[in-house]
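# Fold and contact review
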Amino acid sequence: MSSLARVRDCGRITHISGAGPTLRLSKTDDGVSVAGYAGLVSCGSVWSCPTCAAKIGNERAGEIKDLVRAVDSAGGGAGLITLTLRHHRGHRLDEAWGALRHAWSRVTSGKTYMAEVTRFGIDGWACAVEVTHGADHGWHPHAHVLVIFDRPVSDETVETLAGRWWLRWSRALARKGFDAIADRGGLDARQVRLDPEAGAVLGGYLSKIAREVTGGHTKTGRLGNRTPFHILDDALTIGLVDDFDLWSEWEQASRGRRQLTWSRGLRDRYGVRHERSDDEIAADDDLASDDLVALPAETWREVRPVAEDLLTVAEREGLPGVVRWLDARGLGWMWATRAPRRDRGRVNGRSATHPVSQ
């Protein structure tokens, strides 16, 4: 149902035409079995794909945590500043998002900003964009900015800097036909406590993406707003046409936009791991695992609509359960690694010894 071809193919189409994926099984550090499919394409969409968003969000959160720990070790400080804009149902998402990016570029450029770098000891920043939607006011993009200082800072210092930024932010929004009201939730600023758990401040927003698509969350966001993935969930479970239209608008407006941006040189100064692209993270096979069985293309066509069921069987029952599940449905399969023993099953509908792949 996606309007984006790469998202439609993600986790469904194999890298090699005419071949199927390999089912793999690994164990976490605490011994929990995790199954997955290798050999399938990924879309790398942090905005429109729940699977890729979870992987990318987790890695970005780790980068933020690494930064916070490094700043703490270097004796620096940090603050979190959230900048928002007023919106209404008549605003298109791409217009509001464009206004936000324009305003942020005006905040962090020019002689005034360079003077603030010296005065406040600004060492850089990491800016994450979050978007929600409200029934009364429409799309609501806002920026969460983790500001790094070369010295410890107080709440008052962060608030003073945020107030200066707010003046440039609001002027830039006005030039794009938007406005903001600081004392009505448009501005929030506070010191970030630097300790081993402080990465959850901004990193928590990124990790939240993974949490919200993997379970246990309400269908409404703060003050009745919904996240885009909540809109998708409602579209699929309730089936309102308006939600499908909102999701399509979201996919088109978010395509190609970055979720997290860093000021130049910040990562290198604090030794934060080299940033991988969203596509690289999404394509990473994070199953340090044993290959179980290779599924021919014709088998994958049958399995694909219920692919989650087979993963559940693999995690609960291991290889014997996978073999029983496939054989009970007359689906062909092959050993992906050397089998521990000779076993028999069906390949192309015939009883045969399962070959060992080279």
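Everything in this summary refers to the structure shown in the same document. (Residues numbered from 1 in each chain as written. Predicted model: local features only at pLDDT ≥ 70, side-chain atom pairs only at ≥ 80, totals over all residues. Heavy atoms only, no water.)

### Here we look at the pairing of strand S5 (residues 138–149)
Put simply, the rule is: Exposure classes here rest on a 1.4 Å probe applied to the protein chains alone. A residue is buried below 20% of its type maximum, exposed above 50%, and partly exposed in between. Helix numbering and strand numbering both begin at the N terminus, where a helix is a DSSP run of H or I of at least 4 residues and a strand a DSSP run of E of at least 2. Strands pair, by our definition, only if DSSP identifies at least two bridges between them.
Most of S5 is tucked away: 12 of the 12 residues are buried. For strand S3 (residues 77–84) and S5, the ladder comprises eight bridges, and the chain directions are antiparallel. Residue pairing across strands places Gly77 opposite Phe149, the latter belonging to S5. Pairing analysis gives 12 bridges linking strand S4 (residues 122–134) to S5, with the strands arranged antiparallel. Note that in S5 the partner of Ala128 across the bridge is His144. In this antiparallel pair of consecutive strands, S4 and S5, the connection spans three residues.

### Here we look at the sheet that holds strand S6 (residues 187–192)
To keep it simple, the criterion reads: In this analysis, axes come from line fits to C-alpha atoms, helices being fitted only over the stretch in contact, and the angle between any two N-to-C directions falls in the range 0 to 180 degrees. Two residues form a contact once any of their heavy atoms are found within 4.5 Å.
Read across the sheet, five strands follow the order S6-S3-S5-S4-S7 without closing on themselves; strand pairing throughout is antiparallel. The two strands at the open ends of the sheet, each matched to only one other strand, are S6 and strand S7 (260–262). On average, each strand axis in the sheet is tilted by 15° relative to the strand beside it, whichever way the strands run. Each of S4 and S5 touches helix H4 (residues 111–120); the most contacted strand, S4, lies at about 115° to it.

### A look at the packing of helix H3 (residues 93–107) against helix H8 (residues 241–254)
Counted only if it meets this: Handedness of each helix crossing follows the sense of rotation of the near helix against the far helix: counterclockwise by less than a right angle gives left-handed, clockwise gives right-handed. Residues are sorted three ways: Asp, Glu, Lys and Arg are charged, Ala, Val, Leu, Ile, Met, Phe, Trp, Tyr, Cys and Pro are nonpolar, and all the rest, Gly among them, are polar.
Two numbers describe how H3 lies on H8: the axes approach to 9 Å, and their chain directions differ by 35°. The chirality of how H3 crosses H8 is right-handed. Here H3 contributes Leu93, Asp94 and Trp97 to the contact with H8, which in turn contributes Glu249, Trp250, Ala253 and Ser254. Considering only residue class, the contact of H3 with H8 consists of four nonpolar, one polar and two charged.

### Structural notes on the environment of Ala294
For Ala294, the position within the fold is in strand S8 (residues 290–294). Remark: the alpha-carbon pair of Ala294 and Leu23, spanning 271 residues in sequence, is separated by 6.3 Å.

### Details of the pairing of S4
In terms of residue burial, S4 counts as a mostly covered element, since 13 of its 13 residues are buried. In this sheet, S7 lies alongside S4 in antiparallel orientation, the contact comprising three bridges. Each bridged residue has a counterpart across the sheet, and for Cys127 the counterpart in S7 is Thr261.

### Digging into the environment of Arg171
Mapped onto the elements, Arg171 comes out in helix H5 (residues 155–175). For the pair Arg171 and Ala103, spaced 68 residues apart in sequence, the C-alpha to C-alpha distance is 8.0 Å.

### Examining a nonpolar patch on the surface
Test applied: Like charges within 9 Å and nonpolar side chains (Val, Leu, Ile, Met, Phe, Trp, Tyr) within 5 Å are joined into patches, using only residues over 30% in relative accessible area that form no salt bridge. A 1.4 Å probe and the Shrake-Rupley method give the accessible areas. Residues count as covered only by the protein chains that appear here. The working definition used for a salt bridge is a side-chain nitrogen of Lys or Arg within 4 Å of a carboxyl oxygen of Asp or Glu.
A contiguous nonpolar surface patch, about 310 Å² in accessible area, is contributed by Met1, Leu236 and Phe244. Owing to a relative accessible area of 54%, Leu236 belongs among the exposed residues under this scheme.

### Quick word on the side chain of Thr261
By secondary structure assignment, the location of Thr261 is in strand S7. For Thr261, a relative accessible area of 15% puts it in the buried group. Ignoring anything within four residues of it in the chain, the contact list for Thr261 reads Arg101, Trp125, Ala126 and Cys127.

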